[in-house]
Amino acid sequence: MALHITSLNSGSNGNCYYVGNATDAVLIDVGISCRETEIRMKQLGLSLKTIKAIFVSHEHTDHIKGVSTLAHKYSVPVYITDATAKNGPRLIKHLSKPFIADQPVTVGNLEITGFTKQHDAADPHSFIIRHNEITVGVFTDIGTVCKQVIRYFKQCHAVFLEANYDETLLENGGYPIYLKNRIRGGQGHLSNKEALELFIEHRPSFMTHLLLSHLSKDNNSPQLAEELFKKHAGDTNIIVASRYQATDVITITGNEKAEHIISSKPMQLGLFS
């Protein structure tokens with residue numbers, strides 16, 4: 001059984017990533033409103049009835065804005081570390097579940113593993129999601145490429161990978177110096193250059209899709225990032241995750257012929273009734 005993935009939104013205005021199959025799915029972060037999450041999933045033919053859990057990467061608003069409302073409305077458990085929960089979304093107790101770094105959590109027929117990363121948050125994590133030997137990663141808000149990032153990146157058939165800023169645009173842009181230093185200081189975000197080095201040096205031969213994610217509105221551009229990566233992509237499909245709309249749903253089959261599905265019409269993945 002394949003995995004279906006989409007970015008419902010990606011950027012400083014909100015992050016929300018869907019990974020699932022025909023019966024079970026998870027959301028990594030809900031940084032857009034519950035209503036907007038519902039609208040975008042319905043447009044793609046995806047049903048919230050398949051969402052079996054939400055995993056929270058860290059407590060910044062662009063990752064948790066809609067978590068509480070969506071979780072409460074649909075009684076969806078939220079996996080979140082204690083340190084993040086103290087600073088993050090307000091949850092009724094019975095919906096909040098802990099997870100431990102590097103220890104897989106089984107949700108339906110999916111296996112989700114969180115791992116620690118460098119970011120200026122209380123207890124930040126990224127995630128891989130596995131099913132039937134297919135692995136998808138969600139790697140955003142990464143201050144630097146550490147050994148953990150490399151280790152899990154090498155396992156992925158598809159990855160949402162942060163390419164937040166172009167170094168020249170950031171340096172010459174209008175951000176105050178403290179904010180520039182926060183972004184590029186090792187606890188902020190990953191540049192196009194750093195993300196590309198990770199991709200070139202550690203991409204596994206079976207990686208079929210790379211979704212460039214969390215692009216800065218002011219210090220990057222979709223065209224710039226896409227052109228940079230496509231020069232080195234080989235057989236890997238390069239897609240830019242938008243800060244304004246969902247991407248098409250992509251089917252990851254675990255081989256180099258993974259199918260890119262255009263979702264202008266609802267797909268049969270648990271349609272809304």
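Described below are features of the structure shown in this document.

Rules and cut-offs
- The residue count restarts for each chain, going from 1 along the sequence in the order it is written.
- Restriction of local features to residues with pLDDT of at least 70 applies here, the model being predicted, together with a cutoff of 80 or more for giving and counting side-chain atom pairs; totals for whole chains, interfaces and linings are based on all residues.
- With hydrogens and water excluded, all non-hydrogen atoms of the structure serve as input to the side-chain values.
- Strands are runs of DSSP state E lasting at least 2 residues, helices are runs of H or I lasting at least 4, and numbering of each runs from the N terminus.
- Using C-alpha atoms as the atom set, the radius of gyration is obtained and then compared with a globule rule of 2.2 Å times the number of residues to the power 0.38.
- A simple rule labels every residue: compare its accessible area, found with a 1.4 Å probe on the protein chains alone, to the largest value its type can have, and call it buried under 20%, exposed over 50%, or partly exposed in between.
- In this description, contact between two residues means that some pair of their heavy atoms is separated by no more than 4.5 Å.
- Computed with the Shrake-Rupley method and a 1.4 Å probe, the accessible areas treat only the protein chains shown as cover for residues.
- By the counting scheme adopted, Arg and Lys are positive, Glu and Asp are negative, and His together with the chain ends is not counted.
- Lysine's charge is taken at NZ, arginine's at CZ, aspartate's at CG and glutamate's at CD.
- Any two strands between which DSSP finds at least two bridges are classified as paired.
- Between N-to-C directions, angles span 0 to 180 degrees; the directions come from axes that are lines fitted to C-alpha atoms, helices contributing only their stretch in contact.
- The scheme is simple: roughly parallel for angles under 35 degrees, roughly antiparallel for over 145, roughly perpendicular for 65 to 115, oblique for anything else.
- When residues are grouped by polarity, Ala, Val, Leu, Ile, Met, Phe, Trp, Tyr, Cys and Pro land in nonpolar, Asp, Glu, Lys and Arg in charged, and all others, Gly among them, in polar.

Quick look at the overall build of the chain
Here is step 1 of the chain: In terms of regular secondary structure, the chain is built from nine helices and 14 strands.
Here is step 2 of the chain: The C-alpha radius of gyration of the chain comes to 17 Å, within 12% of the 19 Å expected for a compact globule of 273 residues.
Here is step 3 of the chain: The principal-axis extent of the C-alpha atoms belonging to the chain is close to 50 × 45 × 35 Å.
Here is step 4 of the chain: By residue count, 57% of the 273 residues in the chain fall in the buried class.
Here is step 5 of the chain: Contacts spanning at least 24 positions in sequence make up 64% of the contacts within the chain whose residues lie at least 6 apart.
Here is step 6 of the chain: Roughly 11600 Å² of accessible area belongs to the chain as shown, and the carbon and sulfur atoms make up 49% of that amount.
Here is step 7 of the chain: Looking at charge distribution, the chain has the averaged site of its 27 positive side-chain charges lying 6 Å from that of its 27 negative ones.

Brief notes about the sheet that holds strand β2 (residues 16-20)
Here is step 1 of the chain: Spatial ordering of the open sheet is given by β6-β5-β4-β3-β2-β1-β14, a layout of seven strands whose pairing is mixed. Each edge of the sheet is formed by a strand with only one pairing partner; in this case those strands are β6 (96-97) and β14 (250-252).
Here is step 2 of the chain: Bridge analysis of strand β1 (residues 3-9) against β2 gives five bridges, and the strand direction is antiparallel. Considered in β2, the bridge of I5 is made with V19.
Here is step 3 of the chain: Across the sheet, helix α1 (residues 34-43) touches β1, β2, β3 (25-28) and β4 (51-55), and the angle it forms with β1 is around 135°.

Here we look at helix α3 (residues 67-74)
Here is step 1 of the chain: Those residues of α3 that fall on the buried side of the exposure criterion are V67, S68, L70 and A71.
Here is step 2 of the chain: Looking at the packing, one finds that the buried side of α3 touches β3, α1, β4, α2 (61-64) and β5 (78-79).
Here is step 3 of the chain: Directly beyond the C-terminal end of α3, a positive phi value near 55° is found at S75.

What about the environment of N181?
Here is step 1 of the chain: Examined against the element boundaries, N181 turns out to sit in helix α7 (residues 177-184).
Here is step 2 of the chain: Given the relative accessible area of 39%, N181 is considered partly exposed.
Here is step 3 of the chain: Between the C-alpha atom of N181 and that of E171, which follows or precedes it by 10 residues, the distance is 9.6 Å.

Side note on the packing of α1 against α3
Here is step 1 of the chain: It is at 8 Å that the axes of α1 and α3 come closest, and there the two elements cross at 70°. Classified by the interaxial angle, the pair formed by α1 and α3 is roughly perpendicular. Of the residues in α3, those touching α1 at C34, T37 and E38 are T69, L70, K73 and Y74.
Here is step 2 of the chain: Taken together, the residues that form the contact of α1 with α3 break down as three nonpolar, two polar and two charged.

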